[in-house]
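Fold and geometry: a report
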Amino acid sequence: MDAIKIENLTKYYGKARGIREIDLTVAEGEFFGFIGPNGAGKSTTIRTLLGLIGPTSGRAYIYGLDIVKQNKEILARVGYLPSEAVFYSGMRVREVLKLSADLRRKDCGEEAARLCERLQLDTSRKVEELSFGNRKKVGIVCALQHEPALLILDEPTSGLDPLMQREFFDILRERNRAGATVFLSSHILSEIQHNCTRAAIIREGRVIACDSVEALSRTTARRVSVRGEVSLEGLEGIRDREDSPGAVNFLYSGDMNLLLQRLAAGRVSDLSVSEPDLEEIFMHYYES
Amino acid sequence: MTLIKHELRQGRISFLIWTASVGFLLAVCVFLYPEMKGQMEDVGDVFSSMGSFSDAFGMDRLNFGTLLGFYTIECGNVLGLGGAFFAALCGAGILSKEEKDRTAEFLLTHPVSRARIVTEKLVSVYAQIIAMNLVIYGISLGSIAAIGESVPWKELNLLHLAYFLLQAELAGICFGISAFVRRGSAGIGLGIAAGMYFLNLVANIAQAAEFLKYVTPFGYAEGADIIEKGCLDETLVAIGLALGAIGIGAAYGKYCRKDIR
């Protein structure tokens with residue numbers, strides 16, 4: 001069964017666009033990435049899946065359950081980490097964790113203690129005194145302590161220091177190996193590249209690509225850097241060009257033969273042609 | 001139950017402050033009575049013959065010189081306004097605060113239906129109002145006993161019942177509004193409570209504005225009417241409770257479908 005199945009999902013805020021005709025499927029057990037810059041519609045998609053906002057049109061299912069009609073059943077299977085976790089002021093961390101567990105009618109004390117230990121979270125602190133990163137950790141424990149089948153994480157690493165980020169992804173991978181599905185939204189591509197098996201790219205409310213991370217990274221475009229004197233004027237398919245004295249560096253997606261002819265006609269002292277990294281490919285999706 | 005407990009804990013400081021303040025003022029009023037009693041016999045006539053001012057507070061029909069008349073006017077205003085403010089604040093904030101404080105995302109991503117959330121929050125509002133009224137009723141009885149006066153049971157019970165119904169109505173109306181607004185709920189709540197209070201003063205003063213009694217819950221909680229008739233005006237109470245019920249119904253209708261920002 002698919003963990004997430006989104007069909008033609010559209011959400012308008014009044015006349016303003018949220019997301020448009022999104023189609024997306026995430027299989028059970030996948031570690032799925034959802035890439036896009038701020039404002040592209042990542043959070044809108046997630047908030048619609050969770051029932052915080054109602055879709056304008058289209059449908060979506062989580063484990064076959066309808067997001068509009070079976071919201072409660074869905075939420076029981078999901079652990080959600082919002083991009084900005086806010087809790088009730090005046091409460092201590094352990095009270096928030098207990099409240100979250102109580103609202104789920106589950107005793108999660110042991111798992112919570114384990115997670116707090118790994119994330120080095122002091123449960124006696126008051127939530128309003130916590131730094132952004134520590135608040136994020138409270139959110140992480142709330143999302144994970146009931147051991148949900150599906151984890152939906154909205155920009156989970158913002159505010160976490162690199163060591164904590166590593167620990168966090170270790171936990172996610174363990175959960176994933178144990179069978180949990182992970183849906184991770186992020187604008188940090190390396191995060192997606194290192195952790196996810198599949199990913200979708202969202203731009204201005206539409207999914208513009210969805211494939212394995214490997215396939216998304218595969219492209220005919222090449223990063224070319226040339227040292228020497230070469231005339232590139234009039235050559236099509238050059239982007240992201242950087243000129244420095246005696247050298248030029250660019251992303252090339254045009255005809256290789258034409259490029260080679262130009263290079264042969266010039267004086268080249270050094271040449272490197274390499275695969276662009278995901279970051280550059282991502283820009284490519286956004287510029288086209 | 002989890003959410004009810006949570007709400008009661010969240011609201012406990014506000015509850016304690018309001019209950020203590022209203023209770024304290026009420027007790028102070030009662031303790032002032034023996035002092036005033038002697039003097040009042042002379043000035044009672046003055047108070048009841050100040051024209052519109054007397055009309056507004058029902059002093060034209062109540063005797064300031066008796067405990068009952070004094071209690072109805074002084075304490076009525078304290079409990080009437082204080083209770084109304086508390087009930088309105090409580091109702092108006094309970095749903096909207098989740099979005100204002102940005103905790104809605106936390107609460108609504110737990111497997112609890114929206115209808116259930118509305119119900120538990122509603123119960124917590126009324127639990128606080130009932131608790132406040134019981135405490136204040138106790139303080140009232142205690143302070144009357146302390147000054148050695150006999151308790152006018154029937155009238156006192158009717159007055160306190162009327163104020164409780166008034167608070168229940170205001171809380172219901174404000175609860176409905178709470179589902180629609182994201183911020184500014186406290187201002188709206190206090191504004192409604194104060195507005196209703198002044199509508200009743202206007203209704204008391206101007207003959208032409210007497211229909212306002214049908215709008216404001218202070219109409220059926222008017223001490224002078226209650227003491228005169230020895231009962232509550234059922235029509236006014238029924239209209240009031242219907243308004244409160246509409247507010248609650250609107251809250252369910254709106255909140256169960258609302259887009260949470």
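Residues numbered from 1 in each chain as written. Chains lettered and ligands numbered in written order. Predicted model: local features only at pLDDT ≥ 70, side-chain atom pairs only at ≥ 80, totals over all residues. Heavy atoms only, no water.

1. Some details on the packing of aromatic side chains
For the structure on display, the rule yields eleven aromatic pairs over all chains. Seen in terms of ring centroids, Phe87(A) and Phe106(B) are 5.5 Å apart; in terms of plane orientation they differ by 80°. Their pairing is edge-to-face. A residue pair is termed interchain when its members come from two chains, as with Phe87(A) in the loop between strand S6 (78-81) and helix H3 (93-103) and Phe106(B) in helix H5 (residues 104-108). Taken as a pair, Phe87(A) and Phe106(B) share a single burial class, namely buried. Geometrically, the ring pair formed by Phe250(A) and Tyr252(A) is edge-to-face, given 6.3 Å between the ring centres and 80° between the ring planes. Residue classification places Phe250(A) among the buried positions, given a relative accessible area of 0%. With relative accessibility at 0%, the residue Tyr252(A) sits in the buried group. Each member of the aromatic cluster is reached from another via a ring pair, and the members are Phe32(A), Phe34(A) and Phe183(A). (Phe/Tyr/Trp six-rings, centres within 6.5 Å; stacked < 30°, edge-to-face > 60°. Helix = DSSP H or I, 4+ residues; strand = E, 2+ residues; numbered from the N terminus. Buried < 20%, exposed > 50% of the residue type's maximum accessible area, 1.4 Å probe, protein only.)

2. Digging into the confidence of the model for chain B
Residue-level pLDDT values for chain B average 91, and 96% of them are 70 or greater. Scored as a whole, the predicted complex attains pTM 0.87, and scored at its interfaces, ipTM 0.88. (pLDDT = per-residue confidence, 0-100.)

3. A word on the sheet that holds strand S2 (residues 16-27) of chain A
Residues and elements named next belong to chain A. Strand order in the open sheet formed by four strands is S2-S1-S4-S5, and the pairing between neighbours is antiparallel. Whereas interior strands pair on both sides, the edge strands pair on one side only; in this sheet they are S2 and strand S5 (65-66). Relative to strand S4 (residues 57-62), strand S1 (residues 2-13) is paired through five bridges, and the arrangement is antiparallel. Residue pairing for S4: Ile 4 is matched across the bridge by Ile 62. (Pairing = 2+ DSSP bridges.)

4. Overview of the domain arrangement of chain A
Residues and elements named next belong to chain A. Under the domain assignment, chain A is made up of domain 1 (2-217) and domain 2 (222-287). A C-alpha centroid distance of 39 Å is found between domain 1 and domain 2. Taken together, the contacts link twelve residues of domain 1 with six residues of domain 2. In this assembly, domain 1 and domain 2 are joined by zero salt bridges. Summed over the shared surface of domain 1 and domain 2, the number is zero residue pairs in polar contact (both at pLDDT 80 or more). Elements represented by at least two residues in the side of domain 1 that touches domain 2 include exactly helix H7 (189-195), strand S9 (198-203), strand S10 (206-212) and helix H8 (213-217). Broken down by element, the residue count for the side of domain 1 that touches domain 2 peaks at three residues, all from S9. Partitioning the side of domain 1 that touches domain 2 into residue classes produces eight nonpolar, three polar and one charged. (Domains from an automatic or database assignment. Contact = heavy atoms within 4.5 Å. Salt bridge = Lys/Arg side-chain N within 4 Å of Asp/Glu carboxyl O. Polar contact = N/O pair within 3.5 Å; in protein donor to acceptor, adjacent residues only side chain to side chain. Nonpolar A, V, L, I, M, F, W, Y, C, P; charged D, E, K, R; others polar.)

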